[in-house]
Amino acid sequence: MARHAVEANFDGLVGPTHNYAGLSWGNVASKSNVHAVSNPKEAALQGLAKMKRLADRGYVQGVLPPHERPHLPTLRALGFAGADAEVLEAAASRHPSLLAAVSSASTMWTANAATVSPSADTADHRVHFTPANLGAKFHRSIEHPVTGRALKAIFTDEAYFAHHPALPSVSQFGDEGAANHTRLCSGYGEPGVELFVYGQVAFNEQAPAPKLYPARQTLEASQAIARLHGLSKDHVVFAQQNPEAIDAGVFHNDVIAVGNSNALFYHEMAFLDEDKVLGDIRSRLKGAELEAIRVTSEDVPLEDAVASYLFNSQLLNTPDGMMLAVPGECREIETVSRYLDDLVRSGGPITSVEVFDVKQSMRNGGGPACLRLRVVLSDEELSAMHRGVIMDDALYERLTTWVEAHYRDELVQSDLGDPMLLEEVRKALDELTGILGLGAIYDFQL
Ligand code: SUG
């Protein structure tokens, strides 16, 4: 019998080294804002304000900690030696782009942290987690070990939670986590349909693939995760992303589609074979009709969808329908803003639109949906997890004070080699694991 369950959202707290290094080829915003001056304090406060607003509305909101950056163990593994200050100095002078890569605050985008399957879908009825290897980008490929530790520290009880290591970090198994994974269901506690969207088939060179930008997720990676999580094939759909969309800057599926409950909100350019995707979902979805909310290029040109991040919105249940939590940029682009007004008047499942300001993250290609990892939890699982990361007034106050005390309000590339910055980060993170009650998760704490 189905149990009551909720969708909890775990947002990544923006780290103290948030900066614009132009590290993500294929991600238009990251490339166009390269070397802009960042404001880590503002970025973290914008993220916290988003979490607080959703927590105040009654959603279960959690927080995932940032990682230690610059990451000296990676620099040491690549041959930089000596005391910490010497390692930083050598990297800054000899390989500044490598230093930028190991300094990225990219763990804020927790939609890429892992793929999560709720217990209603899995063979052993536990919640399954697989951290994403993020092998497509070096700066992100170093995230999964600490992500795995953080998830284990939060979801510890093995009676309820199962953790897998990341897939092999090679291009054939490129995995970008929940950004390419959506679950459709009649109710969160019911068995659902897990939709895995991939950009490329790795073991078939003849299969359609993007020509300009990399496909970060492979079919083989998605299939491996479905196997590891014990998902039955009657509850899984694998769909190829439209290669043209990837070449237009849609580097993850969550830049062009978002699903919630029985609704799938997507652009007509999202999938290579749209009819098959919808048909496959419809034939597997039990207890509800799929509500397909299709946006045409005439409604919103793909370019505007990418620039506004319309689809990188959170789609959340409300008492009278669903709310679309959009980034502020959606109200700055006329076609998108007009479309949103028409959408709420259309009588469909989306009954309200709310704007969230996450501009600091948006300039690196991360909207509201990139910033959160969804974890569907039954009431029992929710009480079994570590509660110290759940947002409430007191945690919001503590984290805001912590950010105000430790974060800089300006950061440029040349600051990344400053040994003081590393010291500030470690001091801040050590305090943070105390605030969140996580124990030791960082390399410098082990
Ligand atoms: O992987 N940007 C991230 C943005 C991730 C967005 N996530 C989702 N769509 N779910 C990326 O491309 C840019 C960092 C820099 O250029 O400084 C960056 O890593």
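See the structure printed just above.
What counts, and where the lines are drawn
Residues numbered from 1 in each chain as written. Predicted model: local features only at pLDDT ≥ 70, side-chain atom pairs only at ≥ 80, totals over all residues. Heavy atoms only, no water. Near = heavy atom within 4 Å. Polar contact = N/O pair within 3.5 Å; in protein donor to acceptor, adjacent residues only side chain to side chain. Areas by Shrake-Rupley, 256 points an atom, 1.4 Å probe, with all protein chains shown as cover. Nonpolar A, V, L, I, M, F, W, Y, C, P; charged D, E, K, R; others polar. Pairing = 2+ DSSP bridges. Helix = DSSP H or I, 4+ residues; strand = E, 2+ residues; numbered from the N terminus. Axes fitted to C-alpha atoms, helices over the stretch in contact; angles between N-to-C directions. Contact = heavy atoms within 4.5 Å. Phe/Tyr/Trp six-rings, centres within 6.5 Å; stacked < 30°, edge-to-face > 60°. Buried < 20%, exposed > 50% of the residue type's maximum accessible area, 1.4 Å probe, protein only. Lys NZ or Arg CZ within 6 Å of the ring centre and 35° of its normal. Disulfide = S-S within 2.5 Å. Core = buried A, V, L, I, M, F, W, Y, C linked by side-chain atoms within 4.5 Å.

Q: Pulling in residues and values, what's your account of the site of the ligand?
A: In the vicinity of the ligand there are 21 residues, among which L23, S24, H139, D254 and C370 approach most closely. Side-chain polar atom of R140 to an oxygen atom of the ligand: 2.9 Å apart, as the coordinates give it. With the chains in place, 100% of the 490 Å² that the ligand exposes on its own is no longer accessible. When the residues that make up the shell around the ligand are grouped by side-chain class, the tally is 8 nonpolar, 10 polar and 3 charged.

Q: Tell me about the sheet that holds strand 13 (residues 321-327), and name the residues and values.
A: Spatially, 12-13-14 is the arrangement adopted by the 3 strands of the open sheet, whose pairing is mixed. Looking along the sheet, the strands with just one partner apiece sit at the ends: strand 12 (314-318) and strand 14 (350-356). Across the sheet, the mean angle from the axis of one strand to that of its neighbour is 30 degrees, orientation sign disregarded. Where strand 13 lies against strand 14, 6 bridges are found, and the strand directions are parallel. When the sheet's bridge partners are listed, A325 is paired in strand 14 with E354. Packed onto the sheet, helix 2 (residues 40-56) meets strand 12, strand 13 and strand 14 and runs at close to 145 degrees relative to strand 14. Helix 12 (residues 334-345) contacts strand 13 and strand 14 of the sheet and is inclined by roughly 145 degrees relative to strand 14.

Q: Tell me about the packing of aromatic side chains, residues and numbers included.
A: Under the criterion given, the structure shown has 13 aromatic pairs. The interplanar angle of 45 degrees and the centroid separation of 5.9 Å between the aromatic rings of Y266 and F271 together place this pair among those described as tilted. Of the two residues, Y266 and F271, both sit in the buried class. An aromatic cluster is present here, built from F10, F129, F155, Y160 and F161 joined pairwise through their rings. It is K52 that lies over the ring of Y396; its NZ or CZ is 5.6 Å from the centre. For R53, the ring lying beneath its charged end belongs to F356, and the centroid distance is 3.7 Å.

Q: I'd like to hear about the state of the cysteines, residue by residue, with values.
A: With the rule as written, the count across this model stands at 0 disulfides. You can see C330 has no disulfide; the closest cysteine sulfur is in C370, sitting 12 Å from it. Residue C330 is classed as buried on the basis of its relative accessible area of 0%.

Q: Which residues make up the nonpolar core, and what values go with them?
A: Of all hydrophobic cores here, the largest spans 96 residues; its most connected members are F155, F271, L373 and M385. Not counting chain neighbours up to four residues away, the residues in contact with M385 comprise F10, I154, F155, F161, L377 and I390. Counting 19 residues, the second-largest nonpolar core is a separate cluster that includes I293, V300, L310 and V336.

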